[in-house]
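Working through the structure, step by step
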Amino acid sequence: ELSPREREILDLLAQGFTGAEVAKQLFISPETVRTHIRNAMTKLEAKTRVHAIALALHQKEIAFEDPSPSVPGPEADAAGHPLGSRSPAHAALR
């Protein structure tokens with residue numbers, strides 16, 4: 001079972017934040033974020049960050065909520081994704 005902090009960090013990664021962005025948001029060091037990710041990966045038996053997120057979602061340790069608007073507006077592209085956003089998988093690779 002993941003700790004609350006490990007779940008929080010994986011959830012933020014799943015939302016598309018980078019490790020550095022997670023560190024700033026949670027007021028912790030990037031190394032502490034990396035440690036929590038490593039611990040979560042070990043507990044989940046994941047090979048990569050993306051694998052850890054997929055396993056955490058599958059095991060209901062975290063829940064994915066699509067942050068993109070359902071109807072494109074001036075801040076969204078034609079697919080409904082916020083302009084300038086990163087895909088969750090892309091950010092998790094960092």
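Before any of the text, the structure's been laid out above.
Here is a short report on the structure shown in this document. Source: prediction; values computed, not measured.

Calculation rules
Residues numbered from 1 in each chain as written. Predicted model: local features only at pLDDT ≥ 70, side-chain atom pairs only at ≥ 80, totals over all residues. Heavy atoms only, no water. Helix = DSSP H or I, 4+ residues; strand = E, 2+ residues; numbered from the N terminus. Contact = heavy atoms within 4.5 Å. Areas by Shrake-Rupley, 256 points an atom, 1.4 Å probe, with all protein chains shown as cover. Polar contact = N/O pair within 3.5 Å; in protein donor to acceptor, adjacent residues only side chain to side chain. Axes fitted to C-alpha atoms, helices over the stretch in contact; angles between N-to-C directions. Parallel < 35°, antiparallel > 145°, perpendicular 65-115°, else oblique. Nonpolar A, V, L, I, M, F, W, Y, C, P; charged D, E, K, R; others polar.

As a further point, take the overall build of the chain. Scanning the chain for helices and strands turns up five helices and zero strands. Counting helices and strands in the order they occur from the N terminus, the chain gives α-α-α-α-α. At a minimum sequence separation of 6, the contacts of the chain that also span at least 24 residues come to 49%. Surface summary for the chain: the accessible area is close to 5900 Å², and the carbon and sulfur share equals 57%.

Take the environment of Gly19 next. Mapped onto the elements, Gly19 comes out in helix α2 (residues 19–26). When the C-alpha positions of Gly19 and Arg34 are compared, they lie 7.3 Å apart, and in sequence the two are 15 residues distant. Discounting residues that sit within four places of it in the chain, Gly19 has contacts with Leu13, Val33 and Arg49.

This part takes up the side chain of Glu61. Along the chain, Glu61 falls in the loop between α4 (49–58) and α5 (88–92). Polar side-chain contacts of Glu61 include one of 3.2 Å to the side chain of Arg7. Excluding residues that lie within four positions of it along the chain, Glu61 makes contacts with Glu1, Leu2, Arg7 and Ala56.

A word on the packing of helix α1 (residues 4–14) against helix α3 (residues 30–44). Between α1 and α3, the shortest axis-to-axis distance is 9 Å and the interhelical angle comes to 100°. In terms of their interaxial angle, α1 and α3 are classed as roughly perpendicular. Here α1 contributes Arg5, Glu6, Ile9, Leu10 and Leu13 to the contact with α3, which in turn contributes Val33, His36, Ile37, Asn39, Ala40, Lys43 and Leu44. Taken together, the residues of the contact of α1 with α3 sort by class into seven nonpolar, two polar and three charged.

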